Amino acid sequence: MLDAAFMRRWMTATAAAVDREAARLTDLDSAIGDADHGANLQRGFTAVTALLDKEAPATPGAVLALAGRQLISTVGGASGPLYGTLLRRTGKSLGEAAEVTREQLAEALGAGVAAVAQLGGAAAGDKTMLDALLPAVEALGESFAAAAEAADAGALATVPMLARKGRASYLGERSVGHQDPGATSSALLIGALVEAAA
Amino acid sequence: MSGPDPLVGVVLVSHSAAVAASVAELAEGLAGGGPTAPVAPAGGLPDGGLGTSEELIVRAAESVDRGAGIAVLVDLGSAVLTVKALLAEGDELPPGTRLLDAPFVEGAVAAVVSASAGADLDAVEAAATEAYDYRKV
């Protein structure tokens, strides 16, 4: 079963992964975006872990809802409302339960991903974070490791895609050949689930 | 003791503080001589950098809230997504806050002019959205 402590470990592991990979995220973002993805997410997840240390919400849903709220407040770029909505909607979908199963988390994360798709108006294949998150949600029913693998594969699969959303879409064909920064950071988020479960 | 009906407030959200403030100034200038609807820019990040600040948006919305609703106009990207996320997921913005689907500059002028004339939020939205229909070529 997954409790509030698990969700805090997930957020802490995500913050550590974003720290570790910030330069790579920014490099990917300078190819097709505005070169701030690494720094923005670093600022956001650092603020998330600081707030969770201070407030220590009691349920898994409350941890994720608070984390999402904090990302919307602190990121300052499009990844703030997108990741913020993802975690907040996932947290709200988990409800008030003190513990949830992996299957319940998969279902709630599915609701979070759907909210992100609606917010950004994007679909699978548009070269966005959805290309990592959608296959991850599918595989999360099986195991954390399977979800992480699916997210990595999904992020890699964005390389040949043509960007249809956000700043990268202004580049048209020139966006082809670059891995999407949002899909890459989404794979870090899903990969951190494996660490939280270890 | 009731005065005139309260006016719709207008919030202008841009990645750039200068753009938001200048568009606010332009719209107020074009709204004519009389008293204008309350307008507040929410541009850039609190440190002055380019970006979208939830804190500045919430503060701007609160500052123009007269109880008649608030029309929010946005430029692009994170400005659109941040306002939509705030409206969809929470209660941070005053009740009656609405994101308008309109071009930023032309929509802001239409919104401030109509709001200053006493239009309600539906009419302000219609005026701002109509700005898309005005072809320049």
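Here, the structure is the one placed above.
Keep in mind that what you see is a predicted model, and the values were worked out from it rather than measured.

Now for the sheet that holds strand S3 (residues 70-74) of chain B. All names here are of chain B. With parallel pairing, the 4 strands of this open sheet are ordered in space as S2-S1-S3-S4. Edge positions in the open sheet fall to strand S2 (39-43) and strand S4 (97-99), since each of these has one partner strand only. Here the average twist between neighbouring strands, direction ignored, is 20°. Taken together, the 5 bridges between strand S1 (residues 9-14) and S2 define a ladder with parallel strand orientation. Bridge assignment links Ser 14 to a residue of S2, and that residue is Gly 43. Packed on one face of the sheet, helix H1 (residues 17-30) meets S1 and S2 and runs near 160° to S2. Most of the contacts of helix H2 (residues 54-64) go to S2, to which it runs at about 180°, and overall it touches S1, S2 and S3.

What follows deals with unusual backbone geometry. All names here are of chain A. In this model, Ala 35 sits at a positive phi of 60°, which is unusual for a non-glycine residue. Inspection of the secondary structure puts Ala 35 in the loop between helix H1 (4-32) and helix H2 (37-55). Even without being glycine, Lys 127 reaches a positive phi, approximately 65°. Considering the arrangement of structural elements, one finds Lys 127 in the loop between helix H5 (102-120) and helix H6 (130-140).

All right, on to the nonpolar core then. Grouped together as the largest cluster of nonpolar side chains are 75 residues, with contacts concentrated most on A:Met7, A:Trp10, A:Met11, A:Phe45, A:Leu105, B:Val11 and B:Val13. The greatest single-element share of this core, amounting to 10 residues, is contributed by H1(A). By size, the runner-up hydrophobic cluster in this structure holds 21 residues, among which are B:Ala27, B:Ala37, B:Leu100 and B:Phe104.

Attention now goes to the pattern of salt bridges. Scanning the model with the defined rule gives 11 salt bridges over all chains in all. Across the pair A:Arg69 and B:Glu92 runs a salt bridge, and its minimum N-O distance is 2.5 Å. In this pair, A:Arg69 is assigned in helix H3 (residues 60-74) and B:Glu92 in the loop between helix H3 (78-89) and S4, connecting two distinct chains. We classify B:Glu92 as buried; its relative accessible area is 16%. Within this structure, A:Arg69, A:Arg88, B:Glu54 and B:Glu92 form a network of salt bridges that share partners.

Cut-offs and rules
Residues numbered from 1 in each chain as written. Chains lettered and ligands numbered in written order. Predicted model: local features only at pLDDT ≥ 70, side-chain atom pairs only at ≥ 80, totals over all residues. Heavy atoms only, no water. Pairing = 2+ DSSP bridges. Helix = DSSP H or I, 4+ residues; strand = E, 2+ residues; numbered from the N terminus. Axes fitted to C-alpha atoms, helices over the stretch in contact; angles between N-to-C directions. Contact = heavy atoms within 4.5 Å. Core = buried A, V, L, I, M, F, W, Y, C linked by side-chain atoms within 4.5 Å. Buried < 20%, exposed > 50% of the residue type's maximum accessible area, 1.4 Å probe, protein only. Salt bridge = Lys/Arg side-chain N within 4 Å of Asp/Glu carboxyl O.

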